[in-house]
Amino acid sequence: MQDKLEQVADTILEEANSILEYTFTFSEEISISFKGLLFVVIALVVTAFVLKLLRRFITRKIPANDKVKFVSVFSYIRWVVFIAIFLVAMDASGVNVTAIFAASAVLLIGVGLALQTLFQDIISGIFILVDQSVHVGDIIELEGKVGRVLDIRLRTTRAVTIDNKVLVIPNHLYLTNILFNWTENGTETRESVNVGVAYGSDVALVKKILLATAKSHKTILKHPIPKVLFTDFAESSLNFKLIFTLNDSFETRFVQSDLRFEIDKKFKENGITIPFPQRDVHVFQNKI
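Residues numbered from 1 in each chain as written. Predicted model: local features only at pLDDT ≥ 70, side-chain atom pairs only at ≥ 80, totals over all residues. Heavy atoms only, no water.

1. Comments concerning the sheet that holds strand 6 (residues 166-170)
Strand pairing in a sheet takes place through backbone hydrogen bonds and is either antiparallel or parallel in direction.
Then, number 1: Strand order across the open sheet formed by 5 strands is 6-5-4-3-7, with antiparallel pairing between neighbours. Bordering the open sheet on either side are strand 6 and strand 7 (179-181), each of which pairs with just one other strand. Sheet twist, expressed as the mean angle between neighbouring strand axes with direction ignored, is 40°.
Then, number 2: Pairing analysis gives 5 bridges linking strand 4 (residues 145-152) to strand 5 (residues 156-161), with the strands arranged antiparallel. In the strand pairing of strand 5, Val-149 is matched with Ala-159. (Pairing = 2+ DSSP bridges. Helix = DSSP H or I, 4+ residues; strand = E, 2+ residues; numbered from the N terminus. Axes fitted to C-alpha atoms, helices over the stretch in contact; angles between N-to-C directions.)

Structure representation (structure tokens):
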């Protein structure tokens, strides 16, 4: 009975060894045994478990906002680690990794060229998340387009425009263009309205009307107080700039429109003229 049990055990071991030693052959230079394949899978599973514990350990005391950014960056670092572990495990299993790269060199070059912009976006996204130059809720201007940031991802940034249209901005544009962050110093922004009056107008009265118009608007902040600048003696007009502060830059064009309506009304009530360019044309007829 004991001999039979030993024979059965030996048979099982032989079958197990034969299964483990079974080799998957892809070409003359590339092959891997079932045992090697099992080793690669175990290595990747252990790596995933270790990275998960590491992420929890690092993020346990990080604030909630920073934790979201770190997890986004860490997810891409994790894939880099997985690729490195996969290659090391394959090499340790006896697979000719060099032959794999040689066989797929042309394919890898093509994929690399196709993914060049993608990698630029990802690297730019990491810079944005780490540098914190742009935050969710910021109002930004890029390539003449203005939007409030809704979401920052590693490849793209989503922003909603004043017209409630969503901009999907590739992150690499942050590295190749000048970015204006309207709310980097806070949500308050300084805006203005330009107006010209005819020569001979009472400039003190013009200043009084402009300030009163700004102070009466409910959206314009009381502090800092609105100001009026006498900007130029132009060719056809005396030019002024009304400067005011808003707490929401998305309301700028509506506030400017309200101010222009009110300024035009007040000017008419006070006999102040907004001039327009005029030209005198003299026609000379040559006598023959």
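Read on, since the account is not over.
2. Details of the sheet that holds strand 9 (residues 227-233)
Then, number 1: In space, the 3 strands of this open sheet follow the order 8-10-9, with antiparallel pairing throughout. Two strands in the sheet have a free side with no partner beyond their single neighbour: strand 8 (189-197) and strand 9. Taken over all neighbouring pairs, the strand axes of this sheet differ in orientation by 25° on average, direction set aside.
Then, number 2: Where strand 9 meets strand 10 (residues 238-246), 6 bridges bridge the pair, whose relative direction is antiparallel. From the neighbouring strand, Lys-227 faces strand 10, where its bridge partner is Ile-243.
Then, number 3: Contacting strand 8, strand 9 and strand 10, helix 8 (residues 203-216) crosses the sheet at an angle of about 20° to strand 10.
Then, number 4: In the packing of helix 9 (residues 252-269) onto the sheet, contacts are made with strand 8 and strand 10, and the angle to strand 8 comes to roughly 30°. (Contact = heavy atoms within 4.5 Å.)

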